[in-house]
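Examination of the molecular architecture
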Amino acid sequence: MTLAELQKIFWQELSTLYDEREARAITKIVFENKLELQAHQMAFERFRILTQEQQKQLNEILKRLLTNEPLQYVLEEADFYGLKFKVNKSVLIPRPETEELVEWMVREDGRRQTADDSEMQILDIGTGSGCIPISLSKKFPKANIEACDISEDALQVAEENNRGLQTRVKFFKHDILTEKLSANKYDIIVSNPPYISVSEKEAMRSNVLNYEPHLALFFSGDDDLIFYRKISEQASLALKPNGKIFFEINQAKGIEVVELLNNFGFVNIELRKDLSGKDRMVKAEKN
Ligand SMILES: C[S@@+](CC[C@H](N)C(=O)[O-])C[C@H]1O[C@@H](n2cnc3c(N)ncnc32)[C@H](O)[C@@H]1O
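Residues numbered from 1 in each chain as written. Predicted model: local features only at pLDDT ≥ 70, side-chain atom pairs only at ≥ 80, totals over all residues. Heavy atoms only, no water.

1. A short note on the overall build of the protein chain
Across its full length, the protein chain carries 11 helices and 11 strands. Its C-alpha atoms give the protein chain a radius of gyration of 21 Å, within 12% of the compact-globule value 19 Å for 287 residues. Considering only C-alpha atoms, the protein chain reaches an extent of 65 × 45 × 35 Å along its principal axes. The long-range fraction of contacts in the protein chain, counting pairs at least 24 apart against all pairs at least 6 apart in sequence, stands at 65%. When the accessible surface of the protein chain is summed, it comes to about 14800 Å², and 47% of that surface belongs to carbon and sulfur atoms. (Helix = DSSP H or I, 4+ residues; strand = E, 2+ residues; numbered from the N terminus. Rg over C-alpha atoms; globule rule 2.2 N^0.38 Å. Contact = heavy atoms within 4.5 Å. Areas by Shrake-Rupley, 256 points an atom, 1.4 Å probe, with all protein chains shown as cover.)

2. Points about unusual backbone geometry
Backbone geometry places Glu 76, a non-glycine residue, at a positive phi of 55 degrees. If you trace the backbone, Glu 76 turns up in the loop between helix 4 (71–75) and strand 1 (78–80). Note on Glu 76: relative accessible area 43%, which makes it partly exposed. Unusually for a residue other than glycine, Gln 166 sits at a positive phi of about 55 degrees. Relative to the helices and strands, Gln 166 is located in the loop between helix 7 (152–164) and strand 5 (170–173). Overall, the relative accessible area of 70% leaves Gln 166 in the exposed class. (Buried < 20%, exposed > 50% of the residue type's maximum accessible area, 1.4 Å probe, protein only.)

3. Remarks on the packing of helix 10 (residues 226–238) against helix 11 (residues 254–263)
The axes of two packed helices give the description: the angle between them and the distance between them. Packing of helix 10 against helix 11 leaves a shortest axis separation of 10 Å and a crossing angle of 25 degrees. Regarding the angle of helix 10 to helix 11, the classification is roughly parallel. Both helix 10 and helix 11 take part in a crossing whose hand is right-handed. Across from Tyr 228, Arg 229 and Ser 232 in helix 10, the residues of helix 11 making contact are Val 257, Leu 260 and Leu 261. Of the residues belonging to the contact of helix 10 with helix 11, the class tally is 4 nonpolar, 1 polar and 1 charged. (Axes fitted to C-alpha atoms, helices over the stretch in contact; angles between N-to-C directions. Parallel < 35°, antiparallel > 145°, perpendicular 65-115°, else oblique. Left-handed = near helix turned anticlockwise from the far one by under 90°. Nonpolar A, V, L, I, M, F, W, Y, C, P; charged D, E, K, R; others polar.)

4. Quick look at the side chain of Lys 244
Along the chain, the position of Lys 244 falls in strand 9 (residues 239–248). Among the polar contacts made by the side chain of Lys 244, one reaches the side chain of Asp 109 at a distance of 3.3 Å. (Polar contact = N/O pair within 3.5 Å; in protein donor to acceptor, adjacent residues only side chain to side chain.)

5. Focus on the nonpolar core
With 32 residues, the main nonpolar core has Ile 125, Ile 189, Tyr 228, Ile 245, Phe 247, Val 257 and Leu 261 as its most contacted residues. Going through the elements one at a time, strand 3 (121–125), strand 6 (186–191), helix 8 (206–209), strand 8 (218–219), helix 10, strand 9, helix 11 and strand 11 (279–285) are the ones with two or more residues in this core. Per-element accounting of this core gives the leading share, 6 residues, to helix 10. If we ignore the near neighbours within four places in the chain, the residues touching Ile 125 are Cys 148, Ile 176, Leu 181, Ile 189, Val 190, Ser 191, Asn 192 and Ile 231. (Core = buried A, V, L, I, M, F, W, Y, C linked by side-chain atoms within 4.5 Å.)

6. Points about the packing of aromatic side chains
Counted under the stated rule, the structure contains 4 aromatic pairs. Taking the centre distance of 6.0 Å and the plane angle of 80 degrees together, the rings of Phe 80 and Phe 85 count as edge-to-face. Residue class for Phe 80 comes out buried when judged on its relative accessible area of 0%. Accessibility expressed as a relative area gives 0% for Phe 85, which makes it buried. Judged by centre distance (5.6 Å) and plane angle (85 degrees), the rings of Trp 104 and Phe 246 are edge-to-face. Residue Trp 104 is found in helix 5 (residues 96–116), and its partner Phe 246 is found in strand 9; the two are separated by 142 residues along the sequence. Take Phe 246: its relative accessible area is 0%, and that puts it in the buried class. (Phe/Tyr/Trp six-rings, centres within 6.5 Å; stacked < 30°, edge-to-face > 60°.)

Here it is as structure tokens:
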């Protein structure tokens, strides 16, 4: 079977789940990735006869995609902030909104990088694949960056990304709901914690619900802001004076998170929307 023939099968089958443009885009990514072809080589290679092994591998990928499994888990790779992160089902697939949060931090603290970033201490809480601290580490190479997660499986993936992307983030296991952070240590604390309530499950798409780790998506209990409350409380002690906190938030909770930070004594609180116009991130400073 030629590359073009198998490509056509992919388009046809994936069109039962995705619109034609998306089906073609997914096919292109899979073929480029698995056959190690550059985008411009695809047209020239269309009559290439695929080996049995290649056909088998691509057919297995197609089967997984047809069960609605996200492309990033099938390829075990996700793009984030210009880098390629290894992902598996132990970690959330990094989202574009989180790239916006990182970009905000980089722009906000870019000037410090040239001045004294060797002394900058940064902590990411609930790190998942390590996408936030590793991206920051590329931008602030001299900063001392730490990141924690409650999940050992997630930390393993983050460590692998740390090695693969040649950064020196220090990862550690930590339950932010029950354990304390060191006092007066950090210049910046960032977190994209679980922020979906179990009651929102029904409205979620099956490719997220059935494949992404529930530990990363959902908080349990009645307190919608449990992670923001605990992290703000701890950050008010763990940050140095004038230290900053950055949160990614549930689009429906912008005002409440601002109020909460205000109640913990933070100042210069700023709520920002993401590119789709939803309240998505907050920054505040310790007084
Ligand atoms: C929404 S995901 C964010 C992952 C990553 N930072 C990102 O932006 O793609 C939340 C992360 O918090 C972690 N987590 C859940 N409960 C936690 C806890 N009590 N303490 C620390 N981390 C926790 C999950 O394992 C998950 O990796």
